[in-house]
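Spelled out, the chains give:
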Amino acid sequence: MNTFLSSSSDQDNGLPKWQQPEKVAGRVVLVGLVGTAVYFWGQILPFLVDMVFDTVKLGIGLGTLFVLFLLATNKRIHAGLWYAGQRILRSMAGIFVNTDPIGIMEDYIKNTEKEARKMDAEVTNIEGAHELVKRKLAANAAQVKEYLALADSATRQGERDAAESYAMRAAQVQDYSQRLQPMATTTANVTVVMRQILKAALRQIDGSKFKVNLLKDEYTLVKRTSSGMRAAMNILRGDPDKKYFFDLATDRVAEDMAQQLGQIKQAMRYSQEFVKEMDIQNGVMSEKGQRLLDKYQKGEFNAVLSDKPQAQPSNVLTTKKASDDAYSSLLD
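Residues numbered from 1 in each chain as written. Predicted model: local features only at pLDDT ≥ 70, side-chain atom pairs only at ≥ 80, totals over all residues. Heavy atoms only, no water.

Student: So what exactly am I meant to see when it comes to the nonpolar core here?
Tutor: Of all hydrophobic cores here, the largest spans nine residues; its members are I102, I109, A116, M119, V123, M194, L198, I205 and V212. Broken down by secondary-structure element, the contributors of at least two residues to this core are α4 (101–156) and α5 (160–236). If one sorts the elements of this core by residue count, α4 sits on top with five residues. Setting aside residues no more than four positions away along its own chain, V212 makes contact with I102, M105, E106 and I109. (Core = buried A, V, L, I, M, F, W, Y, C linked by side-chain atoms within 4.5 Å. Buried < 20%, exposed > 50% of the residue type's maximum accessible area, 1.4 Å probe, protein only. Helix = DSSP H or I, 4+ residues; strand = E, 2+ residues; numbered from the N terminus. Contact = heavy atoms within 4.5 Å.)

Quick look at the structure:
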């Protein structure tokens, strides 16, 4: 109604909206309020941002302290970190060193084969040296014969100096050959011994290969069998950690069920008492109402006011007993 009147009065004035002072003042106040809100929002916004980031930092710090507390107090976490550290160190060691038992044996066989190849090359070198010594001895023997023949020829021709010179050279070559003879014997003996050692080493390498291959197959079969038996034992015995939590959950469920059953029985006892009382009251009121109706129908309504209470009828007792029996069966 007021709106209608005010609108009617505005129309009656016939002034433009920009010449109406109350609207201009309202707009100025509204712009001022908006500017004030923007100014104070710019003042309070950095505080809110700092507060949010400080809250986030506080949460991160509390979470870090909680994790450190668990690391310092929880034995299970200690054991997990210990096993994780061992696994990491073993993995890092596996990068540089073979930690697999079968791999270690295979590496040993490879190294032995490498040493056997080196030994075979050394035996070949010694045999070559022995051949050189033999050839040198044969050449020296031929040289000695040649010098002796020249010395004999010079002697027959009466050239004593030349004969002595050739004889001296033959003696030097013969001495050189005598010094080389032990080396030839040594190289021959060493060659024979090394060939025997190399032959034995190759036989041992072949036997080791056969043994490693057998152990590899047996180890693979045992691991597969052990994995299957471990799965069977996990089913029979259960994982200790998971079984512990399973027992805790079972006990918790049993306690919760016992508590809820106790609450149910207690509620049934309360409801039993309530229903008993209600049955009694309903039976009494029903009997009393029937008597009042009979007396009213007989015109004895004034005598109703002086009527004394009577004993409970048999149907009330029957209803009470039936209720008691029903609730007893539910509680059992």
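Student: For this particular structure, what's the right way to read α4?
Tutor: Along an α-helix, residues three or four positions apart point the same way, because every turn accommodates 3.6 residues. Its 56 residues give α4 an end-to-end C-alpha distance of 82 Å, which sits within 8% of 82 Å, the value for a rise of 1.5 Å per residue. G158, located one to two residues past α4, shows a positive phi value of around 80°. (Expected span 1.5 Å × (residues − 1).)

Student: What is the right way to read a nonpolar patch on the surface from this model?
Tutor: Together, L58, L62, L65, F66, V67, L68, F69, L71 and L81 make up a nonpolar patch on the protein surface, roughly 890 Å² of accessible area in all. If one sorts the elements of the nonpolar patch by residue count, helix α2 (residues 21–73) sits on top with eight residues. For L81, the position within the fold is in helix α3 (residues 75–96). (Patch = residues over 30% accessible without salt bridge, like charges linked within 9 Å, V, L, I, M, F, W, Y side chains within 5 Å. Areas by Shrake-Rupley, 256 points an atom, 1.4 Å probe, with all protein chains shown as cover. Salt bridge = Lys/Arg side-chain N within 4 Å of Asp/Glu carboxyl O.)

Student: When you look at the side chain of E113 in this model, what are you seeing that I'm missing?
Tutor: Positionally, E113 belongs in helix α4. Of note is the side chain of E113, whose polar atom sits 2.3 Å from the side chain of K209. Look past the residues within four positions of E113 in its chain and what remains in contact with it is I205 and K209. (Polar contact = N/O pair within 3.5 Å; in protein donor to acceptor, adjacent residues only side chain to side chain.)

Student: For this particular structure, what's the right way to read the pattern of salt bridges?
Tutor: When the charged atoms of two side chains lie near each other, side chains of opposite charge can form a pair. In this structure the tally under the stated criterion is six salt bridges. A salt bridge links E127 to R195; its shortest N-O distance comes to 3.1 Å. Linking E127 in helix α4 with R195 in helix α5, this pair joins segments that are 68 residues apart in sequence. You can call E127 partly exposed: its relative accessible area is 27%. R156 serves as the salt-bridge partner of D152, at 2.1 Å between the closest nitrogen and oxygen. Pair noted here: D152 and R156 are both in helix α4, with a separation of four residues, about one helical turn. On the basis of relative accessible area, D152 is assigned to the partly exposed category, the value being 40%. Judged by relative accessible area, which is 62%, R156 ranks as exposed.

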